[in-house]
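Below, each chain spelled out in residue letters.
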Amino acid sequence: MDVDLVRFESSLWVGKKRYRAALTGWHLNWTELDKKNRDKKTVSLPVSEVIGVEEGRVQVLPQRSVAEDTEREFTVFYVKRSSSGSSYGLLWHLGRTQFSCPSRDLRDQWMTQLRTALKTHSPSRPHRLLVFINPFGGKKQGRQIYHSLVAPLFELAGISSHVVVTERANQARDHILKKDLTGFDGVVCVGGDGIFSELLHGVIGRTQQEAGLSEHDPSLTLQSCDLHIGIIPAGSTDCVCFATVGVNDPVTSALHIIIGDSQPLDVCSVHHRSSLVRYSVSLVGYGFYGDVLAESERHRWMGPLRYDYSGAMVYLSNRSYAGVVQYLPADSQLSSPRDNTRCLSGCSVCSKGTERLFSHSPGASSLYSSHFSQFSSDSEGEWVSVEGRFRAVSLTCMSSSCPRSPLGLSPSAHLADGTGDLIIVRDTHPLGFLTFLHRHTSTQDQFDLPFVDVHRVKAIRFSLPTGEEEDKDEEREIVNDGGMTEEGERPSRSSSHKHLVERGEERGQKDFLCGLCCSKAPTVSVWNCDGEILPHTEIFCRVHGQLVRLYARGIEDGSAMPTRKCRDGHRNCKGRCVLHI
């Protein structure tokens with residue numbers, strides 16, 4: 001069947017201009033006609049990016065309004081792109097065009113045809129969503145953002161939603177794990193990376209429970225999750241949203257959810273001995289990044305500025321930590337963290353990853369089948385070991401880009417290739433480490449330094465040098481058993497506060513400003529796992545390829561954004577061209 005076959009066609013008016021409108025298999029086109037009935041410019045709109053069709057002259061944002069005496073008119077709402085001001089990532093807006101018909105019957109025919117086309121060509125669109133709003137995240141505007149910007153768009157698209165405003169930490173996770181989710185096509189969080197992590201843990205945990213799999217067994221290949229996760233950014237950093245969409249904009253994210261975009265995402269499981277500790281998608285960091293998070297928890301009253309303050313204080317403390325890093329390398333011929341590529345929408349590396357991860361050929365049921373049997377044994381196999389003193393050890397399953405660091409911790413990391421990037425920063429002089437940190441905010445290669453190594457891996461282990469393990473484990477267990485959390489604090493901070501007790505004992509009653517720099521340096525750091533402090537130092541991490549799916553499509557290439565010019569690039573086309581919205 002020819003997908004470009006015209007299904008419906010007629011003359012319509014937009015304002016005072018006459019157009020020939022045609023609905024083909026996949027596009028809605030309208031071509032301006034001159035006085036001699038000759039074609040001028042054509043606008044081509046993919047049916048898959050139509051948000052909704054309404055009777056009359058309708059406006060949805062900033063508030064809904066319908067003009068009177070418009071019984072022969074209808075309004076088409078669709079995705080409209082604009083530059084975000086950077087090389088990568090495009091802002092999506094709600095575009096609309098109001099068409100006038102010669103008769104009411106023709107208007108009804110157009111609306112019927114368009115709505116039928118939407119159902120036919122957009123089968124993956126969600127119809128019912130479970131929405132969690134974190135009213136405490138970021139600037140505490142989650143409720144306002146959802147009700148003023150997102151809910152009207154969902155209503156326009158015919159999406160029904162059940163909204164839960166969270167009152168405690170892990171409420172969203174527990175709801176997903178325990179409540180009946182029959183009829184929901186996806187779950188959506190309105191907030192920052194914290195509440196996204198709750199949804200992530202809930203969706204993965206529920207899927208494994210239903211599949212009868214143990215999350216605590218690191219050698220097990222987990223079941224991929226069918227329930228999609230949507231993110232409406234309303235937090236402080238919104239790293240996951242930025243790294244998967246390219247911008248932190250509630251309307252852009254809502255439109256991705258509406259059209260049913262689907263972006264697979266790798267997830268790292270973090271284990272201690274025989275127990276799962278947490279899941280991570282952006283950062284598992286030891287040393288500098290762990291210390292910054294631990295120190296920032298002491299200064300939450302400062303708001304987002306606490307991260308700048310804590311980063312400066314931790315840098316001035318000039319610390320490094322002894323440790324042993326072991327890693328299982330990925331195939332270097334498939335991709336490399338130094339190949340200067342970017343994981344963009346339609347990424348070929350991730351597409352090949354899908355073929356490897358879900359191949360059903362005999363003997364290839366899992367990408368990890370030949371490697372992960374080693375995890376529960378003492379056999380080293382292909383494992384590589386690095387021992388020394390480190391400023392920072394980080395594992396990321398994505399670029400971990402954010403507005404302050406547009407290229408992220410690892411610019412060439414991929415969202416869905418089944419690997420993570422291990423970044424090892426060995427002990428060096430303070431100026432060298434400052435150079436490494438500064439390069440995250442520029443386009444310079446942060447890996448092009450003699451004390452920095454980066455490896456594409458499938459798993460890592462971290463342990464303390466021989467002779468230090470038992471003492472440190474005992475000390476940390478004593479601290480954690482105390483359960484010392486302050487009354488009135490959100491429980492999500494409990495793990496951080498447990499560590500702060502230990503930090504406070506090490507530092508003693510030092511002066512507020514000089515305590516961090518003047519105190520005796522601790523012998524171990526902590527792990528920062530997507531903004532949460534882990535209670536263990538010795539951990540094992542494994543990357544699970546494409547374990548979850550987000551309502552996203554990856555970062556769109558801003559430099560390839562269509563311009564309003566002739567599709568053939570002719571300067572003198574006299575307006576006879578196709579404009580792709």
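For clarity, every value in this text was computed on a predicted model and none was experimentally measured.

Residues Val-349, Cys-350, Gly-353 and Leu-357 constitute the buried set of helix α9 (residues 348-357). Along α9, the residues classed as buried sweep out an arc of 90° about the axis, all on the same side. Residues of α9 that are exposed and angled more than 90 degrees away from the buried face: Lys-352 and Glu-355. Buried positions along α9 lie against β23 (539-550).

Two quantities define a packed helix pair, namely the angle between the axes and the distance from one axis to the other. It is at 10 Å that the axes of helix α2 (residues 142-156) and helix α6 (residues 250-258) come closest, and there the two elements cross at 30°. With respect to α6, the axis of α2 lies roughly parallel. Two packed elements cross with a definite hand, and for α2 against α6 that hand is right-handed. Only Pro-250, Val-251, Ala-254, Leu-255, Ile-257 and Ile-258 of α6 make contact with α2, whose side of the interface consists of Ile-145, Leu-149, Val-150, Leu-153 and Phe-154. Taken together, the residues of the contact of α2 with α6 sort by class into 11 nonpolar, no polar and no charged.

Residue Asn-37 is not a glycine yet carries a positive backbone phi of 65°. Among the residues examined, Asn-37 registers a relative accessible area of 47% and is labelled partly exposed. Look at Lys-140: it is not a glycine, yet its phi comes out positive at around 60°.

Turning to the environment of Pro-337, a few remarks are in order. You can see Pro-337 is positioned in the loop between β17 (321-329) and α9. For Pro-337, a relative accessible area of 8% puts it in the buried group. Each C-alpha atom of the pair Pro-337 and Ser-412 lies 5.2 Å from the other, and the pair is 75 residues apart in sequence. Beyond its immediate stretch of four places on either side in the chain, Pro-337 contacts Ser-410, Ser-412, Asp-421, Phe-447, Val-454, His-455 and Arg-456.

Attention shifts here to the packing of aromatic side chains. Using the criterion set out here, one finds 14 aromatic pairs in the structure. With centroids separated by 4.5 Å and ring planes inclined at 45°, the aromatic side chains of Tyr-286 and Phe-462 adopt a geometry described as tilted. Placement of the pair is Tyr-286 in strand β16 (residues 284-287) and Phe-462 in strand β20 (residues 452-463), with a sequence separation of 176 residues. The residues Tyr-286 and Phe-462 share a single accessibility class, namely buried. On the numbers, 5.0 Å between centres and 40° between planes, the contact of Tyr-286 with Trp-527 is tilted. Taken together, the positions of Tyr-286 in strand β16 and Trp-527 in strand β21 (residues 527-529) put the pair 241 residues apart, joining distant regions of the chain. Take Tyr-286 and Trp-527: they sit in the same class, and that class is buried. Pairwise contacts between aromatic rings join Phe-8, Trp-30, Phe-74, Tyr-78, Phe-99 and Trp-110 into one cluster.

Our focus in this paragraph is α6. With 9 of its 9 residues buried, α6 lies for the most part within the structure. The first or second residue beyond α6 is Gly-260, which carries a positive phi of 75°.

Moving on to the confidence of the model for the chain. Confidence along the chain averages 85 in pLDDT terms, with 81% of residues attaining 70 or more. For the stretch residues 360-381, pLDDT sits under 50, and the model shows 39 contacts to residues farther than four places along the chain or on other chains. Ignoring residues within four places in sequence, the model shows residues 500-515, a span with pLDDT below 50, making 29 contacts including any to other chains.

Strand direction decides the pairing type here: strand β1 (residues 8-14) and strand β2 (residues 17-23), joined by 7 bridges, are antiparallel. Directly across from Ser-10, in β2, lies its bridge partner Ala-21. Taking the residues between adjacent antiparallel strands as the criterion, β1 and β2 are bridged by 2 residues, where Gly-15 takes a positive phi near 65°. Strand direction decides the pairing type here: β2 and strand β3 (residues 27-33), joined by 5 bridges, are antiparallel. Bridge pairing in β3 links Arg-20 to Thr-31. Turn length for the β2-β3 hairpin, with the two strands adjacent in sequence and antiparallel, is 3 residues.

As a further point, take the nonpolar core. Core analysis: the largest hydrophobic core is formed by 41 residues, its most contacted members being Phe-196, Leu-199 and Ile-204. In terms of residues, this core owes the most to one element, helix α4 (residues 193-211), which gives 6 residues. With near-sequence residues (within four places) excluded, Phe-196 lies in contact with Cys-189, Ile-229, Ile-231, Val-240, Leu-265, Val-281 and Leu-550. By size, the runner-up hydrophobic cluster in this structure holds 27 residues, among which are Val-58, Leu-153, Ile-159 and Val-190.

Definitions and cut-offs
- Residues numbered from 1 in each chain as written.
- Predicted model: local features only at pLDDT ≥ 70, side-chain atom pairs only at ≥ 80, totals over all residues.
- Heavy atoms only, no water.
- Buried < 20%, exposed > 50% of the residue type's maximum accessible area, 1.4 Å probe, protein only.
- Helix = DSSP H or I, 4+ residues; strand = E, 2+ residues; numbered from the N terminus.
- Arc of directions from axis to C-beta.
- Contact = heavy atoms within 4.5 Å.
- Axes fitted to C-alpha atoms, helices over the stretch in contact; angles between N-to-C directions.
- Parallel < 35°, antiparallel > 145°, perpendicular 65-115°, else oblique.
- Left-handed = near helix turned anticlockwise from the far one by under 90°.
- Nonpolar A, V, L, I, M, F, W, Y, C, P; charged D, E, K, R; others polar.
- Phe/Tyr/Trp six-rings, centres within 6.5 Å; stacked < 30°, edge-to-face > 60°.
- pLDDT = per-residue confidence, 0-100.
- Pairing = 2+ DSSP bridges.
- Core = buried A, V, L, I, M, F, W, Y, C linked by side-chain atoms within 4.5 Å.

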